[in-house]
Amino acid sequence: MSMSSTGLRFVCLGVGDAFSARWYSSCLAIESGGTWLLLDCPHPIRKILREAGEACGERLDIDIVSAVLLTHMHGDHVSGLEGFGFYSYFALNRPAVVLTHDLVRETLFTHYFAIAEESLRYTSESAPPTITAKLTDLFDVRTLSDTTTNGFGPFRIECRRTIHQVPTFAMKIRAGDRCLGVSADTAYDPGLIAWLSEADLIIHETNLGPHTPYEKLAALPEALRRKMRLTHYTDDFDRARSVIEPLEPGRTYVV
Ligand SMILES: [Zn+2]
């Protein structure tokens, strides 16, 4: 499927957790009307995009992505962002647009971007500085409010905080009359599932420890399970026996 749609669709780029030896980290490329968003940005993002694109017959690369929607600061969701920003600036001559909540934005600047900024300031005797870029040339970070709907291109985005170790935001992404719900990383949270339930398609995480147990999702009403897809599952998650369809990397899904 190479033509753009006026509806809402996404390519699944990865379904793995932070420990996965089988899959890239959970990540989506979402499209409407030719505008692409990345939902989270793990490393190595260009390879992840290319391989998923090859699998689904689409050319996917950083140059077609208009913005990264960032759910939270855990490494398996943000580790590709530094490279994304440098590539955007040096190869594409534009900043990487990042859309995220203020609580995520704060950590992004105090922790993660400090390294990128240090790299921009780097000088040495043998190699005089040739980089004149500032951090804001690499990254254009825009705030997502969790009290109103946020517009970006053809998309209308709502976010809601989840139950996780660091500030994390679930998303409802609308284009036209379609709505995609994404749980992001979260413990089992019936309030969050109720918030997501109006979506036409819901992507929910499942995993061990602080995450949502599969059994909790499997016990949800059938109508809800039918429009739910699983991601962020462990390598030994039994996909064949799951009563909720697991996402598959390299597949396109129409919402
Ligand atoms: Zn996390």
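Just so you know, these numbers come straight off a predicted model, no measurement behind them.

Chemist: Sorry, what's going on with the sheet that holds strand β7 (residues 150–152) here?
Modeler: The strands that make up a sheet pair up through hydrogen bonds in the backbone, lying either parallel or antiparallel. Spatially, seven strands are ordered β7-β8-β9-β10-β11-β12-β13 in an open sheet, and the strand pairing comes out mixed. In this open sheet, the two edge strands, each paired with only one partner strand, are β7 and β13 (245–246). Of the pairings in the sheet, the one linking strand β10 (residues 178–182) to strand β11 (residues 201–205) comprises three bridges and is parallel in character. Following the sheet pairing, L180 is matched in β11 by L201.

Chemist: Got a minute to help me understand helix α4 (residues 102–121) in this structure?
Modeler: Because an α-helix packs 3.6 residues into every turn, residues spaced three or four apart end up facing the same way. A bend of about 55° at F113 is the largest found in α4. For α4, the complete set of buried residues consists of V104, R105 and F113. The inward-facing, buried residues of α4 contact β5 (96–101), α5 (135–138), β6 (139–144) and β9 (169–175).

Chemist: Quick question: what am I supposed to make of the nonpolar core here?
Modeler: One recurring pattern in soluble globular proteins: nonpolar side chains tend to sit buried together. Formed by 66 residues in total, the largest nonpolar core has its most connected members in L13, A29 and V68. It is β9 that provides the largest number of residues to this core, a total of five residues. With residues up to four places along the chain from it excluded, the contact list for L13 reads Y24, C27, L28, A29, I48, L49, A52 and P249.

Chemist: Is there a simple way to explain the environment of L230 in this structure?
Modeler: Among the secondary structure elements, L230 is positioned in strand β12 (residues 228–231). Of the residues examined, L230 has 26 C-beta atoms within 10 Å and is grouped as buried. With 97 residues separating them along the chain, L230 and A133 place their C-alpha atoms 40 Å apart. Not counting residues within four places of it along the chain, the set of residues in contact with L230 comprises H204, T206, S242, I244, P246 and L247.

Basis of the calculations
- Residues numbered from 1 in each chain as written.
- Predicted model: local features only at pLDDT ≥ 70, side-chain atom pairs only at ≥ 80, totals over all residues.
- Pairing = 2+ DSSP bridges.
- Helix = DSSP H or I, 4+ residues; strand = E, 2+ residues; numbered from the N terminus.
- Bend = angle between axes of the 7 residues up to and from the residue.
- Buried ≥ 20, exposed ≤ 12 C-beta atoms within 10 Å, placed from the backbone.
- Contact = placed C-beta atoms within 7 Å.
- Core = buried A, V, L, I, M, F, W, Y, C linked by C-beta atoms within 7 Å.

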